[in-house]
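Residues per chain, in single letters:
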Amino acid sequence: MRPPHVPGRYGPRPGSDDTTMAMLAHLLGLLTTFIGPLIIYSTRKDESAYVRDHAAEALNFHLTLLIASIASVILMIVLIGFFLLLAIAIINIVLGVSGSIAASKGQPFRYPAIIRFVS
C-alpha cells in the first residue's frame with residue numbers, strides 16, 4: 001500500500017520527464033486556461049507525485065482565475081471589470097511563468113490566494 005500523498009513533499013524522479021510535464025502543466029494553463037493542466041493531472045496523477053502536485057496546483061490556479069474572470073466580465077458594467085481583467089491577465093502570465101520555472105528546477109511551487117478545488 002502506498003503512503004498517503006502529501007503535497008510538496010516529493011521531488012521529480014531522476015532521469016524521467018517529470019520536470020517537463022510539471023512545467024507544461026503551468027505553461028499550458030497560459031494558453032488553454034484549465035484544460036491543459038486538467039489533461040496533465042488526469043493522465044499523470046498516478047504515475048508521479050511530483051507531476052500531480054504541480055498539475056493540481058496549476059489546475060486550481062486556473063480555475064480560480066476563470067472564476068475571477070467571470071466576475072470581472074460581470075463588473076464591466078461599472079467599468080472596474082476592465083481593470084480587473086487586465087490585472088488577472090498580468091497575474092496569469094507572471095505566476096504561470098514563475099510556476100514553470102520552479103517546476104523545471106525540481107522545486108515545489110504554491111500559487112498565493114487560490115481556491116484549492118483539487119488536491
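See the structure above.
Quantities reported herein were computed from a predicted structural model and do not represent experimental measurements.

1. What about the pattern of salt bridges?
Here's step 1: A full pass over the atoms with the stated rule returns 4 salt bridges.
Here's step 2: A salt bridge links Arg116 to Glu57; the shortest N-O distance between them is 2.7 Å. Here Arg116 is found in the segment after α4 (80–104), whereas its partner Glu57 is found in helix α3 (residues 49–75), with 59 residues between them in sequence.
Here's step 3: A relative accessible area of 46% places Arg116 in the partly exposed class.
Here's step 4: Residue Glu57 is classed as buried on the basis of its relative accessible area, which comes to 3%.
Here's step 5: One salt-bridge network, in which partners are shared between bridges, spans Asp17, Arg44 and Glu47.

2. A look at the nonpolar core
Here's step 1: Counting 10 residues, the largest nonpolar core is built from Met21, Ala25, Ile40, Tyr41, Val51, Ala55, Ala56, Ala58, Leu59 and Val118.
Here's step 2: For this core, the elements supplying multiple residues, two or more each, are α1 (18–32), α2 (35–44) and α3.
Here's step 3: In terms of residue count, the dominant contributor to this core is α3 (5 residues).
Here's step 4: Those residues in contact with Tyr41 that lie beyond four places of it in its chain are Arg52, Ala55, Ala56, Val118 and Ser119.
Here's step 5: Of all hydrophobic cores here, the second largest spans 8 residues; its members include Leu95, Ala102, Phe109 and Tyr111.

Basis of the calculations
- Residues numbered from 1 in each chain as written.
- Predicted model: local features only at pLDDT ≥ 70, side-chain atom pairs only at ≥ 80, totals over all residues.
- Heavy atoms only, no water.
- Salt bridge = Lys/Arg side-chain N within 4 Å of Asp/Glu carboxyl O.
- Helix = DSSP H or I, 4+ residues; strand = E, 2+ residues; numbered from the N terminus.
- Buried < 20%, exposed > 50% of the residue type's maximum accessible area, 1.4 Å probe, protein only.
- Core = buried A, V, L, I, M, F, W, Y, C linked by side-chain atoms within 4.5 Å.
- Contact = heavy atoms within 4.5 Å.

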